[in-house]
Amino acid sequence: MILVYKGPGLATKVNIELGNSKGFQLYNLKEDISQQNNLAEVYLEILKEMYDAFIVIQGENYKKNTEIET
């Protein structure tokens, strides 16, 4: 599961994907190691279970990320 974060999806000066997106991402890494097929909309219940477990561990403060310095 890749969470939703604010900010750019790519650090263009260094060409690094930051993982920021407007929607959740969910991949089956056993079958799709290159992460080409986002399953988040197909497996909504699994995504919700994973997100709920993440919030129990991390809390809602995960959303307070800071801008990357370039």
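Residues numbered from 1 in each chain as written. Predicted model: local features only at pLDDT ≥ 70, side-chain atom pairs only at ≥ 80, totals over all residues. Heavy atoms only, no water.

### As for the environment of Pro 8
By secondary structure assignment, the location of Pro 8 is in the segment before strand E1 (10-11). The exposure class of Pro 8 is partly exposed, given its relative accessible area of 40%. For the pair Pro 8 and Gly 19, spaced 11 residues apart in the sequence, the C-alpha separation amounts to 8.6 Å. (Helix = DSSP H or I, 4+ residues; strand = E, 2+ residues; numbered from the N terminus. Buried < 20%, exposed > 50% of the residue type's maximum accessible area, 1.4 Å probe, protein only.)

### Regarding helix H1 (residues 44-58)
The terminal C-alpha atoms of H1 lie 20 Å apart, and with 15 residues this matches the ideal 21 Å at 1.5 Å per residue to within 8%. Considered for burial, the residues of H1 that qualify are Leu 47, Tyr 51 and Ile 55. The arc enclosing the buried residues of H1, seen along the axis, measures out at 70 degrees, which places them on a common side. Seen from the open side of H1, the exposed residues pointing more than 90 degrees away from its buried face are Glu 45, Glu 49, Val 56 and Ile 57. (Expected span 1.5 Å × (residues − 1). Arc of directions from axis to C-beta.)

Geometric values such as these leave the question of function open.
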